[in-house]
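Structural characterization, general
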Amino acid sequence: MSRTSTALQPPADAVRPVRHPDAPAPGEPLGAHYGQCFGCGGEQPHGLHLEATAGEGVSLTAEFTVQPAHQGAPGLAHGGVLTSALDEALGSLNWLLRTIAVTGRLETDFVMPVPVGTTLYLEAEVTAVAGRKIYSTATGRVGGPDGPVAVRADALFIEVKVDHFVDHGRQEEIQAAMNDPDQIRRARAFEVNP
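Here is a short report on the structure shown in this document. Predicted, not measured: the structure shown is a model, and the values here were computed from it.

Let's talk about the sheet that holds strand 3 (residues 101–110)
- Strand order in the open sheet formed by 6 strands is 1-2-4-5-6-3, with antiparallel pairing between adjacent strands. The outermost strands of the open sheet, each flanked by one partner alone, are strand 1 (51–54) and strand 3. Sheet twist, expressed as the average angle between the axes of neighbouring strands with direction ignored, equals 20 degrees.
- Alignment of strand 5 (residues 133–142) against strand 6 (residues 149–159), held across 9 bridges, turns out to be antiparallel. Looking at strand 6, one finds that Lys133 is bridged to Ile158.

Dropping the structure here:
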């Protein structure tokens, strides 16, 4: 990553991230945080349907296959869709911290085109925490988990209270999520993104 933004460089007093003791175990699927999420939701017909798996420490792997609805140029993934996949993977890391956080800044480098039909293999990890700020990085590879890098990103997430979503979200969806009897699913619905 070119690291053009100083906002993505952890301060000197940042600490190593600590995986929450109740976080999913390494190798365990994280599942969708919200059914209508464009990134991971199974109820979103043109979504990415990104599937993430907990890794060691505060890391994960994920993948999604570029569909025809995800193209920008003929036969190639739209850059915004690739950025969404990176954002989804990076945001899912916060579940390993058991922290509600939103994307504050995301910088993406596009290294090579990603054709429709290609599976993008993502690796993401939290690199540092400083107060409410969570610093993380991700790469997306084609041809397999060890294939060439197609995209990469660095991000800054900001810890927020659930009120952030309640105050700004559309009331019908907020109420439906708040009424979910499954406590974990209810908490995860408000996990990521501004």
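Some points on the pattern of salt bridges
- Here the structure, examined in full by the defined rule, presents 2 salt bridges.
- Glu107 is paired through a salt bridge with Arg105; the nearest N and O atoms lie 2.9 Å apart.
- On the accessibility criterion, Arg105 (37% relative accessible area) is partly exposed.
- Notably, a salt bridge pairs Arg152 with Asp109, separated by 3.6 Å at the nearest N-O pair.

About the cut-offs
- Residues numbered from 1 in each chain as written.
- Predicted model: local features only at pLDDT ≥ 70, side-chain atom pairs only at ≥ 80, totals over all residues.
- Heavy atoms only, no water.
- Pairing = 2+ DSSP bridges.
- Helix = DSSP H or I, 4+ residues; strand = E, 2+ residues; numbered from the N terminus.
- Axes fitted to C-alpha atoms, helices over the stretch in contact; angles between N-to-C directions.
- Salt bridge = Lys/Arg side-chain N within 4 Å of Asp/Glu carboxyl O.
- Buried < 20%, exposed > 50% of the residue type's maximum accessible area, 1.4 Å probe, protein only.

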